[in-house]
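One letter stands for each residue in the lines below.
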Amino acid sequence: MFNAKTDKKTALIFADGCEEVEALTTYDILYRAGIPCTKVSINADEFVKSSHEVVIKCDTTIDKVNFDEYDMIILPGGMPGTPNLRNCDALCKEIITFAGFGKQIAAICAAPSVLAELGILIGVKACCNPSKEAEIESEGAIVSREPVVVSGNIITSRAMGTAIPFALAIVKHYLGDGAASYIKSNILYTG
């Protein structure tokens, strides 16, 4: 049973072709930590098919979400999930609005390229999947090869293998080091 530890709300965005481990690991860790997380489909219905053909039922669709009620937008990567996120005008509008107000945005794997294309990573230290490093650098990002980078209101991470530290960085942001360490210990994560 979900036990909220904060009134802050996160919106985890799902597109067809998303990397399901990045998305569902993040959801799982936030659930364990007690951070409200809504699974949002950018499709016309709640169902998305991941890059490895796993069908996921989200909580709602993007056209039904009032993003004013949310504190963070989270973007998993994956192909063709990342370009599908970038091609969603409603989502891109909300990302730009969040960035403009200094609200939290988190993106993993190829998804930081969406932020870069929207002009949000200019002068920002960030990481992403190695296949997208040149792209985000050409858009003004300061590329790092750390597993997770926290730069002000932006959290980025590199790939499926960094999904747990990515999610733990979100937990740390909302609930502090103690909560992140507790979750890390509880799931026997030794990274």
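Bear in mind that the values here come from a model prediction, so they are computed numbers and not experimental data. (Residues numbered from 1 in each chain as written. Predicted model: local features only at pLDDT ≥ 70, side-chain atom pairs only at ≥ 80, totals over all residues. Heavy atoms only, no water.)

Draft legend 1. Representation of the side chain of Thr156 within the structure. With respect to the helices and strands, Thr156 occurs in strand β11 (residues 154-157). For Thr156, a relative accessible area of 1% gives the class buried. Side-chain polar atoms of Thr156 contact the backbone nitrogen of Cys127, separated by 2.9 Å. What Thr156 contacts, discounting residues up to four positions off in sequence, is Ala107, Pro112, Ala126, Cys127, Pro147, Val148, Val149 and Phe166. (Helix = DSSP H or I, 4+ residues; strand = E, 2+ residues; numbered from the N terminus. Buried < 20%, exposed > 50% of the residue type's maximum accessible area, 1.4 Å probe, protein only. Polar contact = N/O pair within 3.5 Å; in protein donor to acceptor, adjacent residues only side chain to side chain. Contact = heavy atoms within 4.5 Å.)

Draft legend 2. Main features of the sheet that holds strand β2 (residues 37-41). Overall, mixed pairing links the seven strands, which are arranged β5-β2-β1-β6-β7-β11-β10 in an open sheet. Two strands bound the open sheet, and with one partner strand each, they are β5 (60-61) and β10 (148-151). Note that β2 and β5 share two bridges and pair parallel. Among the inter-strand pairings, Val40 is bridged to a residue of β5, identified as Thr60. In the packing of helix α6 (residues 163-175) onto the sheet, contacts are made with β1 (10-14), β6 (72-75), β7 (104-108), β10 and β11, and the angle to β7 comes to roughly 170°. (Pairing = 2+ DSSP bridges. Axes fitted to C-alpha atoms, helices over the stretch in contact; angles between N-to-C directions.)

Draft legend 3. The arrangement of the pairing of β7 in detail. Burial within β7 is extensive, with five of its five residues counted as buried. Both faces of β7 are covered, namely the face carrying Gln104, Ala106 and Ile108 and the face carrying Ile105 and Ala107. In terms of strand pairing, β6 meets β7 through four bridges, oriented parallel. Paired with Leu75 across the strands is Ala107, a residue of β7. When β7 meets β11, the two strands line up parallel, connected through four bridges. By the bridge assignment for β11, Ile105 is matched with Ile154.

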